[in-house]
Structures are given as C-alpha cells and as structure tokens.
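# A structural walkthrough
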Amino acid sequence: MNAQDYKLFKESLYRGEEYLFTYHEADYWISHGANGESSLSKDDGTHCQDFNSLDELLKNAKLEGNTNENRLYIKEN
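Let us look at the structure shown here. (Residues numbered from 1 in each chain as written. Predicted model: local features only at pLDDT ≥ 70, side-chain atom pairs only at ≥ 80, totals over all residues. Heavy atoms only, no water.)

### A closer look at the overall build of the protein
We count it as follows: In this description a helix means any DSSP run of H or I spanning at least four residues, a strand means any run of E spanning at least two, and both kinds are numbered starting from the N terminus. Accessible area is worked out with a 1.4 Å probe on protein chains only. A residue is then buried under 20% of its type maximum, exposed over 50%, and partly exposed in between. The contact criterion used throughout is that any non-hydrogen atoms of two residues lie within 4.5 Å. Reported accessibility uses the Shrake-Rupley method at a 1.4 Å probe radius. Residues are deemed covered only where the shown protein chains occlude them.
Within the protein, the secondary structure is distributed over 2 helices and 4 strands. For the protein, the N- to C-terminal ordering of α and β elements is α-β-β-β-β-α. Residues counted as buried form 31% of the 77 residues belonging to the protein. Sequence-distant contacts in the protein: of pairs separated by 6 or more residues, those separated by 24 or more amount to 25%. Per element, the accessible surface of the protein, about 5,200 Å² overall, is 43% carbon and sulfur.

In structure tokens, the structure reads:
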C-alpha cells in the first residue's frame, strides 16, 4: 500500500468505515469507533483486540496471536 492509499485508509477508518479482510483463510474486521477506541476482531467473534486509538491498533495489532514478525502491517512508502 503506498503512502496516499495508507492515508486514505486511515482517514476512512477515522470517519467510521469498517473493513473486512481475509488472512490465512479467516475473515477479520478492523474498525474505529466514535469513542476513540479501535478494534481488530475475527469475524466469528473468537478473537478480538481492543485499542485506545487507531494509531495504537495499526502499530500493535496481531493476527492470530502471532509474534511481532507477523503483526498487522501497513507499509507507509
């Protein structure tokens, strides 16, 4: 994802958009609420991570509880 796409992605999350994406054949939701909290959750409800901000989510979220090597990562080019 290039820098402009990343900026648009973050802006849309700040506006309340939610995104559904697939990782290792599992569906996940990423969202940011009006209360300032953000979350990453597995679509089946078995895995949810809550964060105090969108920046915290984008920096610290992990998929499938993997180590830091496999964090949710969006490259800012």
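### Let's talk about the nonpolar core
Applicable threshold: What we call a nonpolar core is a set of buried Ala, Val, Leu, Ile, Met, Phe, Trp, Tyr and Cys residues that are connected through their side-chain atoms within 4.5 Å.
In this structure, Y28, I30, L40, L57 and L58 are the most contacted members of the largest nonpolar core, which totals 14 residues. Elements with a minimum of two residues in this core: α1 (3-14), β2 (26-32) and α2 (54-60).

### What to know about the pairing of strand β1 (residues 19-23)
The line we're drawing: Strands qualify as paired when DSSP identifies two bridges or more between them.
One ladder, built from 5 bridges, connects β1 with β2; its direction is antiparallel. In the sheet register, Y19 faces β2, and the bridge partner there is I30. What sits between β1 and β2 in their antiparallel hairpin is a turn of 2 residues, with H24 showing a positive phi close to 50 degrees.

### A word on the side chain of S31
Summarising the element assignment, S31 is placed in strand β2. Look past the residues within four positions of S31 in its chain and what remains in contact with it is L13, E17, E18, E37, S38, S39 and L57.

### Quick word on the pattern of salt bridges
Close approach of charged atoms allows side chains of opposite charge to pair. This is how the line gets drawn: Any Lys or Arg side-chain nitrogen located within 4 Å of an Asp or Glu carboxyl oxygen qualifies as a salt bridge.
Taken as a whole and assessed by the stated rule, the structure comprises 1 salt bridge. With its nearest N and O atoms 2.9 Å apart, the salt bridge here joins K10 to D55. Remark: D55 occurs in helix α2 and K10 occurs in helix α1; sequence separation between them is 45 residues. Taking the relative accessible area as the measure of exposure, D55 reaches 41% and is therefore partly exposed.

### Concerning the environment of H32
For H32, the position within the fold is in strand β2. Classification of H32 as buried rests on a relative accessible area of 12%. Spatially, the C-alpha atoms of H32 and N52 are 9.6 Å apart, while their sequence positions differ by 20 residues. Every residue in contact with H32, bar those within four places of it in the chain, is listed here: L13, Y14, G16, E37, S38 and L54.

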